[in-house]
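Remarks on the overall topology
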Amino acid sequence: MSYLDNFINRMTAQRNCLDLAVELVRGVEGPVLEFGLGHGRTYDHLRQNFPDRDIYAFDIRVSPNVFVRPADELLFLGDIAETIRTAAERLPRKAALAHSDLGLKDRQGAVPIVADIIAYLPGLMAKGGFYISNVDIALVDGEVPPAFRRRDFPQATGDQYHIYEIV
Ligand SMILES: C[S@@+](CC[C@H](N)C(=O)[O-])C[C@H]1O[C@@H](n2cnc3c(N)ncnc32)[C@H](O)[C@@H]1O
């Protein structure tokens, strides 16, 4: 598979998952969390898919090239390792959906930030909500933590994306 094929497959899986999420969280109230605003491509897709929900974005900084800048009250600026610890104080209610695209190509290098996410995310999310990630959270301990249940949607995810229900 060429790098171009791999990139297209990854982006297709990402969009499939964000579209599938509309059905997954239809009966779950609450906002959406976006870890990794970047240029705002997936943020904008989430805005399109969830026009009636607030979408909170987490990133170290807002890129000068961002397509859509979230309102200040929807932004958590700084290292997620820090901002996720106190995010509950600013969120008006538990979230229905979280999506993570932190560009973590080095799987071992990703362990610390994924460990922070799996430690604090369940406290930010409603039961029955969903977490969608381009990184398998089982990479931290070799298994999916008890607060999460892996849900398989092979046609949507290929082997590029991971979907977990908050239980
Ligand atoms: C691949 S980009 C996100 C692309 C975005 N989803 C889009 O579609 O445009 C990854 C982003 O994650 C952010 N990021 C990576 N590690 C982070 C961390 N520990 N805390 C906060 N932001 C982080 C980077 O600053 C970068 O903007």
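Heads up: these notes are all about the structure in this document. Everything quoted here is computed from the prediction, not taken from an experiment.

Cut-offs and rules
The residue numbers shown here count from 1 along each chain, following its written sequence. Predicted model: local features are reported for residues with pLDDT of at least 70 only, side-chain atom pairs are reported and counted for 80 or more only, and whole-chain, interface and lining totals are derived from all residues. Excluded from the side-chain calculations are hydrogens and water; all other atoms, namely the structure's heavy atoms, are used. When at least one non-hydrogen atom of a residue lies within 4 Å of a molecule or strand, that residue is treated as near it. Polar contacts, as counted here, are pairs of nitrogen or oxygen atoms within 3.5 Å of one another; within protein the pair requires one atom able to donate a hydrogen and one able to accept it, and residues that are adjacent in sequence qualify only if both atoms are side-chain atoms. Where accessible areas are quoted, they stem from the Shrake-Rupley method and a 1.4 Å probe; at the residue level, only the protein chains shown are allowed to cover. Throughout this entry, Asp, Glu, Lys and Arg are counted as charged residues, while Ala, Val, Leu, Ile, Met, Phe, Trp, Tyr, Cys and Pro are counted as nonpolar. The remaining residues, Gly among them, count as polar. A run of DSSP states H or I qualifies as a helix once it reaches four residues; a run of E qualifies as a strand once it reaches two. Both are numbered from the N-terminal end. Working rule for helices: expected span equals 1.5 Å times residues minus one. Contact criterion: two residues are considered in contact whenever any of their non-hydrogen atoms come within 4.5 Å of each other.

**Describing the site of the ligand**
- Around the ligand there are 16 residues in total, and T42, D59, D79, I80 and D101 lie nearest to it.
- One of the side-chain nitrogen or oxygen atoms of T42 is found 2.7 Å away from a nitrogen atom of the ligand.
- Contact between the ligand and I60: a nitrogen atom at 3.2 Å from a main-chain N or O atom of the residue.
- Protein contact buries 79% of the 600 Å² of open area that the ligand shows by itself.
- Looking at the shell around the ligand, its residues break down into 5 nonpolar, 7 polar and 4 charged.

**Some thoughts on helix α1 (residues 3–24)**
- Over its 22 residues, α1 extends 31 Å from the first C-alpha to the last, a length consistent with the 32 Å expected when each residue adds 1.5 Å.
- Elements that come into contact with the buried residues of α1 comprise α2 (41–49), β4 (95–100), β5 (125–133), α5 (154–157) and β7 (162–166).

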